[in-house]
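Notes for the structure review
Spelled out from the first residue to the last, the chains are:
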Amino acid sequence: MPPFNLTSLTPATFILAGIPGMEKLHIWISIPFCSIYLAALLGNGMLLFIIRTEHSLHQPMYLFLSMLAIADLMLSTTTVPKMLALFWFRAGEISFDACLTQMFFLHFSFSAESVILLAMAFDRFVAICYPLQHAAVLTQSAVVKTGLVALLRSFCIIFPCIFLLKRLPFCGHNVIPHTYCEHMGIARLACGNISINVLYGLAVPFAAIVVDVVLIAVSYVLILLALFRLPSRTARHKAFNTCGSHICVILLFYIPAFFTVLTHRFGREIPHHIHILLANLYVLFPPLLNPMVYGVRTQQIKEKVMKVFICPKSRLLQE
């Protein structure tokens, strides 16, 4: 009898279990999750519409902001619809290829968003430290190339994960105790050696994100030094306001991400359902809050929103 080839054992489907221990609450949990997702779609869609239709907003900062909105929409749309189907219809079954696709776009959008936040930090650095060179350095061509770099880097970092998972043998374990597919969640179901997956999944993407964070921190140290050198307090306040929204978005993006990763790796005493809830909130809250932060703190966007949505209503009431 020929030996059994373990490498051919690729499961046809996986089963997403949802939030372990909270299965009876899935319907109730789905209500705020669905509301947040719809609000995120509305907010980011409105942001893209405003930037697309208002020529005065075709500047590097707002073009980067539109990229951020697209990455947010990808991050949430990759995970939330399947999550809601699981909560509402118990449709936890997902094919192996669909699971890998969801995993790829989840990590891809996270990596791309990190590069975009770095590009936005560089934009603020040039605008404040070298204002006369800003228009020459950050042209529309440079912004487009930055977007392509974000896509290329994210693809090169995340695409190998697909092959690292496809090489693994699976021996019948196909239940993922999560609401969506992610790299290590799939790898842990394998019956082979996953040390390469652990090493790559932790070292390469994490190192890339840490590099982004360090470069963003360096940019803001230089920005703060430049602000302190400004002679006028009003000028310092105005310059700092241009960075305030970006700082809020950076904190909203990186703090939950690092907290989720660190608790997942080292928080063995934290209940598993807390890990899953944190991971779910991470793909929901940044896409929800980013357009709110920029809508509230950025005067130009606030004015355009009022112009598009408030002024027509006022004219109708007057007629």
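The following paragraphs examine the structure supplied in this document.

Parameters at a glance
Note that residues are indexed from 1 along each chain, following the sequence as it is written. For a predicted model such as this one, the threshold for reporting local features is a pLDDT of at least 70, and the threshold for listing and counting side-chain atom pairs is 80 or more; totals across whole chains, interfaces and linings nevertheless cover every residue. Working from all heavy atoms in the structure, the side-chain values ignore hydrogens and water. Secondary structure is summarised from DSSP: a helix means a run of H or I of at least four residues, a strand means a run of E of at least two, and numbering begins at the N terminus for each. Between the first and last residue of a helix there are one fewer steps than residues, each counted as 1.5 Å, and that sum is the expected span. Bend at a residue means the angle formed by two fitted axes: the first through the 7 residues ending at that position, the second through the 7 residues beginning there. The patch calculation keeps residues exceeding 30% relative accessible area without a salt bridge and links them within 9 Å when they carry like charges or within 5 Å when they are nonpolar (Val, Leu, Ile, Met, Phe, Trp, Tyr). Methods summary: accessible areas were calculated by the Shrake-Rupley approach with a probe of 1.4 Å, and residue burial reflects only the protein chains presented. Salt bridge, as used here, is a side-chain nitrogen of Lys or Arg placed within 4 Å of a carboxyl oxygen of Asp or Glu. To form a nonpolar core, buried Ala, Val, Leu, Ile, Met, Phe, Trp, Tyr and Cys residues must be joined to one another through side-chain atoms within 4.5 Å. Exposure categories follow from relative accessible area, calculated using a 1.4 Å probe and restricted to protein chains: below 20% of the type maximum is buried, above 50% is exposed, and the middle band is partly exposed. Residue contacts are defined here by distance: any two heavy atoms, one from each residue, within 4.5 Å place the two residues in contact. A pair of aromatic rings is counted whenever rings of Phe, Tyr or Trp (Trp by its six-membered ring) have centres within 6.5 Å, and the orientation is called stacked for planes under 30 degrees apart, edge-to-face for over 60 and tilted otherwise.

Section: helix H9 (residues 272-297)
- Taking 1.5 Å as the rise per residue, H9 with 26 residues should run 38 Å; its terminal C-alpha atoms sit 37 Å apart, in good agreement.
- Where H9 bends most, the angle comes to about 30 degrees, and this point is Phe285, followed within four residues by the proline Pro286.

Some details on a nonpolar patch on the surface
- On the surface, Leu25, Ile27, Trp28, Ile31, Trp88 and Phe89 cluster together to form a nonpolar patch covering roughly 690 Å² of accessible area.
- Of all the secondary structure elements, the ones that give two or more residues to the nonpolar patch are helix H1 (26-53) and helix H2 (60-89).
- Within the element layout of this structure, Ile27 appears in helix H1.

Side note on the nonpolar core
- Within the largest apolar cluster, 90 residues are counted, with the highest numbers of intra-cluster contacts made by Phe14, Leu117 and Ile186.
- The element contributing the most residues to this core is helix H3 (residues 96-129), with 17 residues.
- Among all residues touching Leu117, those that are not within four sequence positions of it are Leu68, Ile216, His246, Val249, Ile250, Phe253 and Tyr254.

Observations concerning the packing of aromatic side chains
- For the structure on display, the rule yields 20 aromatic pairs.
- Pairing Phe33 with Phe87 gives two aromatic rings, centres 6.1 Å apart and planes at 45 degrees, and the pair type is tilted. Here Phe33, found in helix H1, pairs with Phe87, found in helix H2; they are 54 residues apart in sequence, far enough to count as distant.
- Plain terms: the ring middles of Phe104 and Phe105 are 5.2 Å apart, the flat faces sit at 80 degrees to each other, and that makes the pair edge-to-face.
- A residue is classified by how much of its surface remains accessible, and Phe104, at 9% relative accessible area, is buried.
- Judged by relative accessible area, Phe105 falls into the partly exposed class, the value being 33%.

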